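Examining the three-dimensional arrangement
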Amino acid sequence: MLELCLLASNANVDIDLHPFRHMDEAFKKKYMECLVSFALFEKELTASQLIRLEEISRQFNIQSNWLKEKLINDYLMAEKDTRKEKIKELAAELDFKDRKNLAVDTLSLDILRRKISNKRDKLVGEIDTILEIKYSEVVQINEHLEQIFK
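Within every chain, residues take consecutive numbers counted from 1 along the sequence as written. Residue-level local features of this predicted model are given only where pLDDT is at least 70; pairs of side-chain atoms are given and counted only at 80 or more, and the full residue set underlies all totals for whole chains, interfaces and linings. Side-chain numbers come from the whole structure's heavy atoms, not from hydrogens or water.

Before going further, it helps to examine the overall build of the protein chain. Runs of H or I in DSSP of at least four residues are treated as helices and runs of E of at least two as strands, each being numbered from the N terminus. When you go through the protein chain residue by residue, the secondary structure sums to eight helices and zero strands. When its helices and strands are written in sequence order, the protein chain yields α-α-α-α-α-α-α-α. If you take every contact in the protein chain between residues at least 6 apart in sequence, the share linking residues at least 24 apart comes to 79%. Using a 1.4 Å probe, accessible areas were evaluated by the Shrake-Rupley method; residue-level cover was limited to the displayed protein chains. For the protein chain, the accessible area works out to roughly 8300 Å², and carbon and sulfur atoms hold 52% of it. We call two residues in contact whenever any of their non-hydrogen atoms come within 4.5 Å of each other.

Examined against the element boundaries, L102 turns out to sit in helix α6 (residues 96-116). Spatially, the C-alpha atoms of L102 and I127 are 9.9 Å apart, while their sequence positions differ by 25 residues. Leaving out residues up to four positions away in the same chain, L102 has contacts with Y31, C34, L35, F38, L94 and L131.

The predictor reports its confidence for every residue as pLDDT, a score running from 0 up to 100. Counting all residues, the mean pLDDT for the protein chain is 80, and 87% of those residues have values of 70 or more. With pLDDT under 50 throughout, residues 1-8 is counted as low confidence; its partners more than four residues away or in other chains account for nine contacts.

Our focus in this paragraph is the pattern of salt bridges. Throughout this description, the term salt bridge denotes a Lys or Arg side-chain nitrogen within 4 Å of a carboxyl oxygen of Asp or Glu. This structure, assessed with the given rule, holds ten salt bridges. D110 is the partner of R113 in a salt bridge, and the nearest nitrogen-oxygen pair spans 3.0 Å. One end of the pair is R113 and the other is D110, both in helix α6 and three residues apart, which spans about a single turn. Residue class for D110 comes out buried when judged on its relative accessible area of 3%. Salt-bridge contacts for R114 lead to E146; the nearest nitrogen and oxygen are separated by 3.0 Å. Here the residue R114 occupies a position in helix α6, and E146 occupies one in helix α8 (residues 135-148), the gap between them amounting to 32 residues. Classification of residues uses two cut-offs on accessible area relative to the type maximum, computed with a 1.4 Å probe and protein chains only: under 20% is buried, over 50% is exposed, and between them is partly exposed. Judged by relative accessible area, which is 18%, R114 ranks as buried. Residue E146 is classed as partly exposed on the basis of its relative accessible area of 29%. Salt bridges here are not isolated pairs; linked through shared partners, they connect D110, R113, R114 and E146.

Here's what the structure looks like:
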């Protein structure tokens, strides 16, 4: 029931302003594609994750239809290895700082998922190799986010 109530609420775009909201449209779409693919890493999406994706897409001025198309057509139907390769391709086009911000957003989405589903996935163990950042940084970011989301 909580999931349905969350979906009925409006996404709040005035809080937690995204640092990349002023980037060009092509960058923002690549970034969103990475986030969507990571959010669907285990083909499981919670209302909280969907709301967060909607908040970011609104800040990026990306229409919900584009986001829904990515969710349904490109990622829910794709196999995990295909999604992982797509993330690697898209992330390779972002510089190091951008990949670190992507890790923060990705791990935030994973924490939101785990609030509903306690099933552990392999995301935290693979994000460092997928995004080519140090595992110690992933652990540090994840620990910091865990404290924020308590």
